[in-house]
There are 2 protein chains.
Amino acid sequence: MTLKLNEKYIRPFVDEKELASIQSEISAAHKVLLDGSGEGNDFLGWVDLPKNYDKEEFARIKVAAEKIKKSCDVFVVIGIGGSYLGSRAVIEFLNSPLYNTLKKDTPDVYFAGCNISPASLKELLQICEGRDVCINVISKSGTTTEPAIAFRVFRALLEKKYGVDGARERIFVTTDKARGTLKQFSDEAGYETFVVPDNVGGRFSVLTAVGLLPIAVSGVDIDALMKGAADASDAYKATSSIEESDCMKYVAYRNLMYRQGKATEVLVSYESYATMLNEWWKQLYGESEGKDKKGLFPASVIFSTDLHSLGQFIQDGKRNLFETVISVKSREVDFPIPYDEANVDGLNFLAGVELDEVNKTAMKGTILAHIDGGTPNMLLELEDRSAYSMGYLLYFFEFACGVSGYVLGVNPFNQPGVEAYKKNMFALLGKPGYEAQKAELEARLK
Amino acid sequence: MTLKLNEKYIRPFVDEKELASIQSEISAAHKVLLDGSGEGNDFLGWVDLPKNYDKEEFARIKVAAEKIKKSCDVFVVIGIGGSYLGSRAVIEFLNSPLYNTLKKDTPDVYFAGCNISPASLKELLQICEGRDVCINVISKSGTTTEPAIAFRVFRALLEKKYGVDGARERIFVTTDKARGTLKQFSDEAGYETFVVPDNVGGRFSVLTAVGLLPIAVSGVDIDALMKGAADASDAYKATSSIEESDCMKYVAYRNLMYRQGKATEVLVSYESYATMLNEWWKQLYGESEGKDKKGLFPASVIFSTDLHSLGQFIQDGKRNLFETVISVKSREVDFPIPYDEANVDGLNFLAGVELDEVNKTAMKGTILAHIDGGTPNMLLELEDRSAYSMGYLLYFFEFACGVSGYVLGVNPFNQPGVEAYKKNMFALLGKPGYEAQKAELEARLK
């Protein structure tokens, strides 16, 4: 089984009747998602994407990835939010969080345009010095401030270094299929373009060109990734039964937790390669459910390191949270603990034991300790650290998110709150058309 | 002013009477902290540390740092929790989160022994291949599982590479001043040792040898760091008045937020170099306050990137949180936005404007948007990105934490919950002495 939800450590925290009674809500939400009758139904393209994706474009992505691998040392991906979190999560999970530092046959992959930091941008330019660079700008409209600024800088750099003609071969644009200034400009300039589909929101876009091109450049098998997602799609669309679907089980428990006042969900992993997967998940759930004054607050930790940080709180602090633990079942790296003559630490009883086994034993011990402390735990067991399993896991979280949002009673596919800061920022920066708000906002800042 | 708390964006959320009424509690807690009459008073060594530190050892730290700089390419710091978070936070804040990637005159600094991941350990060994290595193991007892395993591995590596005599010059040990197996072993082996003071807990230890040696190796001026902390200590010990002390103001507001049911504090920064500072802060507050079923849950974000992730939730999700924003006032890096002939993004109205100004405008716009959404904001304005200011900020958070814990009614200086997972882990791993629990725990996992 590629992915299994072990409910053993949360079941005791839930009343049998509660669990039974939420089934009808989940069935209704599952139906609304699949028949497209709910709010946000313009953005359901991700549901069938793992099978209905554009095969011609998919082939082009693979060709472009090979070209990029051959022609650069540094691949700069320019995008914010859903335009970078998915690919970064997959690259780090399947390769390494130290992917850029380790020796490899593929280019370094750096992310830009996801902040407005002069320090970050300057440092990235330093890293690019004397090295061959390709870029992939990812923006539906082309006007989002953060990636737009980074694109200005890197396009100028490439044109200076390689000339306009040379730069053309090194700039890849993922944007709207027809509309938008970036699409028009790219066509005129002759850049190869890929599509951000109209019916797929940013946080659900990891399996579109948005995620796939950078992922492929890092050497990940994107066919296997899609196959995993497709198999998950078959499994999770087939039934809304909590008993039969681990995906719906996840929806059930997390909503029941929320109703109990456990308003923070902590996503837990025992490997630092999951750090960015946690961040991807936080966007997916935070943006989908955090609205109308509702929603579980998504937080994350990497154990065992954070057992020496947030561990104390989770064990014994305010009882307003629960944990969802991701564990990769197979052992990916052999590393037996060495015997030590001196035995300063008294750990010779572990000599020869695999570090992975100790890590998993720490996980088991922690789960038991935390439930004893009153923090419910769900355990998501992933078969292995393969592209196939990763695709399966990504789809699991996406599908659960869609259903869960409807159970919560929100539109899981919009993000109206993201506009608020942008409007204020534009007004304060004096963008034409925002003159009326400028003075008012400035007065409030005095 | 090195550090200023701007209360403008939280004051409207607090009743004038509430603010006045918490003054007496804060004065009492401030007194208890300073006269050492409260719970956990064995661990108050950090309060006067910035002035009373061991000057002889401080000089030795600087000598050792110079020796390390000259003799290695990679400096591996082995420790978990408070033994690595402080130094990593300072190194990244004052140098860069990409410190190891950027060209520099100082060694790379990697952290090990803060997890049980075979993948992490194997990758770090790959990074060390063909390069000169020094290590600093930081563990009071020497028996904590994570660093102990890493120390086994790296000591063996150094002894194989440089021989026992050569390795001796490359191993630096920060541990108990007299007791513990690691101290005894180090003395016998002839390693240079530094002290984890008895009266300073891990999460308050950044200004002891625990933090100072790795920080100094990265090129940071530790004299300035200590001076900043010393000046903060003078300022914050002098008065418990909310009006007069920004540190006590922070204590007041966060406790009033907690009492309103705003049970999550989100620490916000607009620069990725603050990512690990956020993590240090999460340990400091999570471990100090998260006990007896109480405490604010500490979370963190880096904007503007996370405005496209958790931003939606903070703007409009469940109203159970507030934000504390850290902003560096001075501009550290010049980076005017380039003019672009094509103006694809319509941003030419910003051409020539400093990126840092845009970033700070995004911050101002966001604060106004979030308070309009019902999320109170405190703004901590730090003068600059210097070692002096950093020392000031670290002490600000430490002193506030001590007082805040007493206001909350907990012992801010213990961490009983951290033991729970360790006991279970040892029992499940079959450590001698834990036989009784093993069978019982295994039965619960079936």
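None of these values were measured; they are calculated from a predicted model.

**Q** Just to check I follow, could you spell out the overall build of chain A for this structure?
**A** Scanning chain A from terminus to terminus reveals 16 helices and 10 strands. Here the C-alpha radius of gyration of chain A, 23 Å, is about what a compact globule of 446 residues would show, namely 22 Å. Considering only C-alpha atoms, chain A reaches an extent of 60 × 60 × 55 Å along its principal axes. Put simply, chain A has 446 residues, and 65% of those count as buried. Roughly 14800 Å² of accessible area belongs to chain A as shown, and the carbon and sulfur atoms make up 50% of that amount. Positive and negative side-chain charges of chain A, numbering 51 and 62 respectively, have mean locations separated by a distance of 5 Å.

**Q** Please explain the relation of the copies chain B and chain A as it appears in this structure.
**A** In summary, the two copies of the chain are related to each other by a rotation about an axis coupled with a shift along it. When chain B is fitted onto chain A, the two copies agree to an RMSD of 0.0 Å after a turn of 180 degrees and an axial shift of 0.0 Å. Those values place the two copies in the arrangement expected of a two-fold rotation axis. An overlap of 100% is found between the interface residues of chain B and their copies at the interface of chain A, pointing to a shared contact surface.

**Q** Explanation requested: the sheet that holds strand β2 (residues 74–78) of chain B in the structure shown.
**A** Strand pairing in a sheet relies on backbone hydrogen bonds, with the paired strands running either antiparallel or parallel. All names here are of chain B. The five strands lie next to each other as β3-β2-β4-β5-β6, forming an open sheet whose pairing is parallel. The open sheet is flanked by β3 (108–112) and β6 (192–195), the only strands paired with a single partner. Neighbour-to-neighbour, the strand axes of this sheet turn through a mean angle of 20 degrees, independent of strand direction. Examined bridge by bridge, strand β5 (residues 171–175) and β6 share four bridges and lie parallel to one another. Paired with T175 across the two strands is V195, which belongs to β6. Strands in contact with helix α8 (residues 209–217) are β2, β3, β4 (133–138), β5 and β6; relative to β2, the strand with the most contacts, it is inclined by about 165 degrees.

**Q** I keep staring at the nonpolar core and nothing clicks. Help me out?
**A** Inside soluble globular proteins, nonpolar side chains tend to come together where they are buried. The biggest cluster of nonpolar side chains holds 127 residues, and the ones touching the most others in it are V76(A), I135(A), F154(A), V76(B), I135(B) and F154(B). Apart from the residues within four sequence positions on either side, I135(B) is in contact with F75(B), V76(B), I78(B), F151(B), F154(B), R155(B), L158(B), R170(B), I171(B) and F172(B). Formed by 101 residues, the second largest nonpolar core is a distinct cluster that contains I138(B), F204(B), V210(B) and I215(B).

**Q** Help me understand the pairing of strand β2 (residues 74–78) of chain A, please; the structure alone is not making it clear to me.
**A** Successive residues of a regular strand alternate their side chains across the two faces of the sheet. Residue and element names in this part refer to chain A. Counted residue by residue, β2 has five buried out of five residues, so it is predominantly covered. With respect to chirality, the unit in which β2 leads through helix α4 (residues 85–94) into the neighbouring parallel strand β3 (residues 108–112) is right-handed. Two strands pair when backbone bridges link them, and β2 and strand β4 (residues 133–138) are joined in this way by five bridges, in the parallel orientation. Along β4, the bridge assignment pairs F75 with C134.

**Q** So what exactly am I meant to see when it comes to the pattern of salt bridges here?
**A** Pairing between side chains of opposite charge can happen when their charged atoms approach one another. Taken as a whole and assessed by the stated rule, the structure comprises 77 salt bridges over all chains. Residues D356(B) and K360(B) are paired through a salt bridge, measuring 2.7 Å at the closest nitrogen-oxygen approach. Pair noted here: D356(B) and K360(B) are both in helix α13 (residues 355–372), with a separation of four residues, about one helical turn. Judged by relative accessible area, which is 9%, D356(B) ranks as buried. The network of salt bridges with common partners includes E7(A), R11(A), E16(A), D246(A) and K249(A).

**Q** How do you make sense of the packing of aromatic side chains when you look at a structure like this?
**A** For the structure shown, the criterion picks out 48 aromatic pairs over all chains. With centroids separated by 6.3 Å and ring planes inclined at 85 degrees, the aromatic side chains of Y285(A) and F397(A) adopt a geometry described as edge-to-face. Highlighted residues: Y285(A) in helix α11 (residues 275–289) and F397(A) in helix α14 (residues 387–408), separated in sequence by 112 residues. The pair Y285(A) / F397(A) is uniform in exposure class, with both members buried. Here the aromatic rings of W280(B) and F397(B) are separated by 6.5 Å at their centres, their planes lie at 65 degrees, and the arrangement is edge-to-face. Separated by 117 residues along the polypeptide, W280(B) in helix α11 (residues 275–289) and F397(B) in helix α14 (residues 387–408) bring together distant segments of the chain. Of the aromatic side chains, those joined through ring pairs into one cluster are Y236(A), Y250(A), W280(A), W281(A), Y285(A), Y388(A), Y392(A), F396(A) and F397(A). When the ring centre of Y99(A) is taken as origin, the NZ or CZ atom of K104(A), which lies over that ring, is 4.9 Å away. Lying over the aromatic face of F426(B), K431(B) brings its terminal NZ or CZ to 4.1 Å of the ring centre.

**Q** Just checking my understanding: could you explain the interface of chain B and chain A for this structure?
**A** The accessible area lost on association of the parts is a frequent measure of interface size. Facing 124 residues of chain B, the contacting portion of chain A comprises 124 residues. Counting each side, the surface lost to burial between chain B and chain A is near 10600 Å², with a carbon and sulfur contribution of 65%. For chain B, the biggest contributors to the area lost against chain A are R152(B), F297(B) and H308(B); these three give 8% of the whole. Linking chain B to chain A there are eight salt bridges. Between R444(B) and D372(A) there is a salt bridge, and its shortest N-O distance comes to 2.7 Å. Run the count over chain B and chain A and you get 46 residue pairs in polar contact (both at pLDDT 80 or more). It is α13(B) that provides the largest number of residues to the side of chain B that touches chain A, a total of 13 residues. Residues of the side of chain B that touches chain A, tallied by class, amount to 58 nonpolar, 38 polar and 28 charged.

**Q** I tried to follow the packing of α4(A) against α14(A) on my own but got confused; where do I start?
**A** The relative placement of two packed helices is expressed as an angle between their axes plus a distance between the axes. All names here are of chain A. Look at α4 against α14: their axes get within 11 Å of each other, and the N-to-C directions meet at 140 degrees. Considering the angle they form, α4 stands oblique to α14. Crossing angle aside, the handedness with which α4 passes α14 is right-handed. On the side of α4, the interface is formed by V90, F93 and L94, while α14 contributes A387, M390 and L394. Residues of the contact of α4 with α14, tallied by class, amount to six nonpolar, no polar and no charged.

**Q** In this structure, what is going on with the environment of T275(A)? I would like to understand it.
**A** All names here are of chain A. Counting through the fold element by element, T275 comes out in helix α11. T275 sits in the partly exposed class, given a relative accessible area of 31%. T275 sits 154 residues away from L121 along the chain, and the two C-alpha atoms are 22 Å apart. Here the side chain of T275 touches S272 through a polar contact of 2.7 Å, landing on its backbone oxygen.

**Q** What am I meant to see in the state of the cysteines here?
**A** Disulfides are covalent bonds that connect the sulfur atoms of two cysteines. All names here are of chain A. One pass over the full model with this rule turns up zero disulfides over all chains. There is no disulfide at C128, and the cysteine sulfur nearest it, in C72, is 9.4 Å away. A residue is classified by how much of its surface remains accessible, and C128, at 3% relative accessible area, is buried.

**Q** How should the sheet that holds strand β1 (residues 3–6) of chain A be read in this particular structure?
**A** All names here are of chain A. With mixed pairing, five strands are arranged side by side in an open sheet as β1-β10-β9-β7-β8. The open sheet terminates on both sides in strands that have one partner only, identified here as β1 and β8 (297–302). Going from strand to strand, the sheet's axes swing by 20 degrees on average, the running direction of each strand aside. Looking at chain direction, β1 and strand β10 (residues 377–382) are connected through four bridges and run antiparallel. Among the inter-strand pairings, L3 is bridged to a residue of β10, identified as L382. Seen against the sheet, helix α10 (residues 246–259) touches β1, β7 (264–269), β9 (321–328) and β10 and runs at an angle of roughly 35 degrees to β1.

**Q** It is not clear to me how helix α3 (residues 55–71) of chain A should be interpreted in this structure. Could you clarify?
**A** Count 3.6 residues to each turn of an α-helix, and residues three or four apart come out pointing the same way. All names here are of chain A. With 17 residues, α3 extends 25 Å from end C-alpha to end C-alpha; this agrees with the ideal 24 Å at 1.5 Å per step. Buried within α3 we find E57, F58, I61, A64, A65 and I68. Axial view of α3: buried residues confined to an arc of 120 degrees, hence all on one face. Residues of α3 that are exposed and point more than 90 degrees away from the buried face comprise V63 and K70. Considering only its buried residues, α3 is in contact with β2, β4, β5 (171–175), β6 (192–195), α8 (209–217) and α9 (222–238). Structurally, the start of α3 carries an N-cap: the backbone nitrogen of E56 is 3.0 Å from a side-chain oxygen of D54.

**Q** Honestly, helix α1 (residues 16–35) of chain B in this entry has me stumped. Any pointers?
**A** All names here are of chain B. With 20 residues, α1 ought to run about 28 Å at 1.5 Å a step, and its terminal C-alpha atoms sit 30 Å apart, in line with that. If you look at α1, its biggest bend is around 25 degrees, right at Q23. Within the sequence span of α1, burial applies to L19, I22, I26, A29, H30 and L33. Structurally, α1 contributes buried residues whose contacts are with α2 (45–52), α9 (222–238), α10 (246–259) and α14. For α1, the N-terminal cap is D15; the gap from its side-chain oxygen to the backbone nitrogen of K17 is 2.8 Å. Phi turns positive, to about 65 degrees, at G36, one or two residues after α1.

Parameters at a glance
- Residues numbered from 1 in each chain as written.
- Chains lettered and ligands numbered in written order.
- Predicted model: local features only at pLDDT ≥ 70, side-chain atom pairs only at ≥ 80, totals over all residues.
- Heavy atoms only, no water.
- Helix = DSSP H or I, 4+ residues; strand = E, 2+ residues; numbered from the N terminus.
- Rg over C-alpha atoms; globule rule 2.2 N^0.38 Å.
- Buried < 20%, exposed > 50% of the residue type's maximum accessible area, 1.4 Å probe, protein only.
- Areas by Shrake-Rupley, 256 points an atom, 1.4 Å probe, with all protein chains shown as cover.
- Lys, Arg positive; Asp, Glu negative; His and termini not counted.
- Charge placed at Lys NZ, Arg CZ, Asp CG, Glu CD.
- Least-squares fit on C-alpha atoms with pLDDT ≥ 70 in both.
- Contact = heavy atoms within 4.5 Å.
- Pairing = 2+ DSSP bridges.
- Axes fitted to C-alpha atoms, helices over the stretch in contact; angles between N-to-C directions.
- Core = buried A, V, L, I, M, F, W, Y, C linked by side-chain atoms within 4.5 Å.
- Right-handed = clockwise from strand over helix to strand, strands pointing away.
- Salt bridge = Lys/Arg side-chain N within 4 Å of Asp/Glu carboxyl O.
- Phe/Tyr/Trp six-rings, centres within 6.5 Å; stacked < 30°, edge-to-face > 60°.
- Lys NZ or Arg CZ within 6 Å of the ring centre and 35° of its normal.
- Buried area = accessible area lost by both parts, 1.4 Å probe.
- Polar contact = N/O pair within 3.5 Å; in protein donor to acceptor, adjacent residues only side chain to side chain.
- Nonpolar A, V, L, I, M, F, W, Y, C, P; charged D, E, K, R; others polar.
- Parallel < 35°, antiparallel > 145°, perpendicular 65-115°, else oblique.
- Left-handed = near helix turned anticlockwise from the far one by under 90°.
- Disulfide = S-S within 2.5 Å.
- Expected span 1.5 Å × (residues − 1).
- Arc of directions from axis to C-beta.
- Bend = angle between axes of the 7 residues up to and from the residue.

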